[in-house]
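# Overview (structure and organization)
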Amino acid sequence: MSVPSANPQIKGWCPGAHRPMMSGDGLVVRVRPFRAELDRDQTLGLCALAQRFGNGTLDLTSRANLQIRGVAGEDHAALLAELDGLGLIDADPGVEGHRNILIDPDWRHGDLTDRLYGAVLASLPDLPDLPDKMGIALDTGRGAHLRAGSADFRFEISDEGGLILRADGAALGRPVSEDTAMDALREMAAWFISTGGPDHGRMVRHLAQVALPDDWQAIAPRSAAAELTIGPANGGSILGAAFGKIDAAALSALMQETGAPALRLMLGRMFWLRGGTAPRLTQEFVHSPDDPILRAHACPGAPYCPQATVATRQIAGRLAAQVSGSLHVSGCAKGCAFPRAADVTLVGREGAFDLVLNGAPWEEPSQGGLTPAQITNLEEVI
């Protein structure tokens, strides 16, 4: 059996609904719910589609989107039509592919965050053709909850309560008003293009090479707020999904049992039942904020991803309690599940594992060629 390359292909784009990505178990179709929220009918409908067209699971991604895996190519058009009927996709594939918008999960209808989302949505067709992985954060709620989220253009609130636009990687932002916010976004996007940003792919990498205009670095954002986490929350309940994997039948049963009218997707692979009765404790979901599985990250791994050379999630589940900080088990050096430094990172390479301490999957390992049997006890390895 051939082994995938140790140098995985970085595609530079994420799967979407209109533009799915082929994986080891079929097409991956990403759904970006508007405002990161699904009402009851949309949630139940999406669960049914995952069972009808996919492998029966939904992936909750690091950007708080959902993916149906294992879709056959000949079923894609029918799945798109069903998603459109649920109101979960854009009619324009170009807009849908760039609708990478992180939104504060505590937004309220008609508030600043809600209004900014509508303005960004209307402005997407007017933005230059940015790299597909670039995104926008609307961290403008009652607390700053999106600091750890992957975004390149960040609308935030300053300590004085004013609205700012900050480029990811810059410490300070540019003061804007709600009326001027979209003009400032278009100007920053145009600057990114004109100064060679697409060659670097993301804003933070671009700023390592090119300086922002001085007047775009004037005001600091407010400090990050305490994290919203698993447990009772504002009349509802926040639950977690280990590695972002959600059994569609279990989620459907959860919505029906609790009577929750809506569900919001969150960073940290959590989701928020908006109302309804308290959920029963089940093995399908994470019910405690202290569960070590929340500190563990793992992609689907082999055989589900053609670039992975090792199985990942079973190993990550066994090792999670052994790591006091963050653990990342990655099928290859791309590090899709957690594309940043972790306290302990295990990277699949030619059927074995490289160990990276306090680093990202693509960084130089401290040890290489570790077998699954050798990493049963991390204390002995580290």
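Residues numbered from 1 in each chain as written. Predicted model: local features only at pLDDT ≥ 70, side-chain atom pairs only at ≥ 80, totals over all residues. Heavy atoms only, no water.

### A few points about the overall build of the protein
- Each helix and strand counted, the protein has nine helices and 20 strands in total.
- On C-alpha atoms alone, the protein measures out to a radius of gyration of 21 Å, which is about the 21 Å that the 2.2 N^0.38 rule sets for 382 residues.
- Dimensions of the protein along its principal axes, counting C-alpha atoms only, are 60 × 50 × 40 Å.
- Every one of the 382 residues in the protein was classed for burial, and the buried ones make up 53%.
- In the protein, the proportion of contacts linking residues at least 24 apart, taken out of those at least 6 apart, comes to 60%.
- Taken as a whole, the protein presents about 16,300 Å² of accessible surface, with 51% of it coming from carbon and sulfur. (Helix = DSSP H or I, 4+ residues; strand = E, 2+ residues; numbered from the N terminus. Rg over C-alpha atoms; globule rule 2.2 N^0.38 Å. Buried < 20%, exposed > 50% of the residue type's maximum accessible area, 1.4 Å probe, protein only. Contact = heavy atoms within 4.5 Å. Areas by Shrake-Rupley, 256 points an atom, 1.4 Å probe, with all protein chains shown as cover.)

### Some details on the packing of aromatic side chains
- One pass over the structure, following the stated rule, counts two aromatic pairs.
- Ring geometry for W191 versus W216: centroids 6.0 Å apart, planes at 70°, classification edge-to-face. Linking W191 in helix α5 (residues 181–194) with W216 in the loop between α6 (203–207) and β11 (231–233), this pair joins segments that are 25 residues apart in sequence.
- Take W191: its relative accessible area is 12%, and that puts it in the buried class. (Phe/Tyr/Trp six-rings, centres within 6.5 Å; stacked < 30°, edge-to-face > 60°.)

### Thoughts on the nonpolar core
- Core analysis: the biggest nonpolar cluster contains 69 residues, and L83, F153, F155, L251 and F271 have the highest contact counts within it.
- Sorting elements by how many residues they give to this core places α5 first, with eight residues.
- Not counting residues within four places of it along the chain, the set of residues in contact with F153 comprises L130, M134, G135, I136, A137, L165, R166, L185, M188, A189 and M203.
- Counting 27 residues, the second-largest nonpolar core is a separate cluster that includes M266, A320, V323 and L355. (Core = buried A, V, L, I, M, F, W, Y, C linked by side-chain atoms within 4.5 Å.)

### Here's the deal with helix α7 (residues 248–258)
- Where α7 is concerned, the buried positions are A248, A250, L251, S252, L254, M255 and T258.
- Structurally, α7 contributes buried residues whose contacts are with α1 (40–53), β4 (57–60), β12 (236–240), β13 (245–247), β14 (262–266) and β15 (270–273).
- Its side-chain oxygen placed 3.1 Å from the backbone nitrogen of A249, D247 serves as the N-cap of α7.
- At the C-terminal side of α7, G259 shows a positive phi close to 70°. (Polar contact = N/O pair within 3.5 Å; in protein donor to acceptor, adjacent residues only side chain to side chain.)

### Considering the packing of helix α4 (residues 112–123) against α5
- Two elements in contact, α4 and α5, have axes separated by 10 Å at closest approach and are oriented at 45°. Judged by the angle between their axes, α4 and α5 are oblique. In the crossing of α4 with α5, the sense of the turn from one axis to the other is right-handed. Note on element contacts: α5 touches α4 through A181, M182 and R186, opposite L116, A119, V120 and S123. (Axes fitted to C-alpha atoms, helices over the stretch in contact; angles between N-to-C directions. Parallel < 35°, antiparallel > 145°, perpendicular 65-115°, else oblique. Left-handed = near helix turned anticlockwise from the far one by under 90°.)

### Considering the side chain of D106
- Tracing the backbone through its elements, the reader meets D106 in the loop between β6 (101–103) and α4.
- Within the structure, D106 has its side chain in polar contact with the side chain of R142 (distance 2.5 Å).
- Excluding its chain neighbours within four sequence positions, the residues that come into contact with D106 are R142, L228, N234, R264, W272 and R274.

### Concerning the pairing of strand β19 (residues 352–359)
- For β19, the buried fraction is high: six of the eight residues fall into the buried class.
- Bridge count for strand β18 (residues 342–349) against β19 is seven bridges, and the pairing is antiparallel. Bridging from a neighbouring strand, R349 pairs with A352 of β19.
- Hairpin connection, β18 to β19: the antiparallel pair is bridged by two residues, and E350 has positive phi, about 55°.
- Pairing analysis gives two bridges linking β19 to strand β20 (residues 367–370), with the strands arranged antiparallel. (Pairing = 2+ DSSP bridges.)

### Let's talk about α1
- Along its 14 residues, α1 runs 20 Å from first to last C-alpha, staying within 8% of the 20 Å computed at 1.5 Å per residue.
- Those residues of α1 that fall on the buried side of the exposure criterion are Q42, T43, G45, L46, C47, L49, A50 and F53.
- The opening residue of α1 is D39, an N-cap whose side-chain oxygen sits 3.1 Å from the backbone nitrogen of D41. (Expected span 1.5 Å × (residues − 1).)

### Topic: the pairing of strand β7 (residues 136–139)
- Burial along β7 is two-sided: I136 and L138 and A137 and D139, pointing in opposite directions, are all buried.
- In this structure, β6 lies alongside β7, joined through three bridges in parallel fashion. Within β7, the position partnered with I103 by the bridge is L138.
- Handedness of the crossover is the feature at issue here: the chain leaves β6, passes through α4, returns alongside β7, and the resulting connection is left-handed. (Right-handed = clockwise from strand over helix to strand, strands pointing away.)

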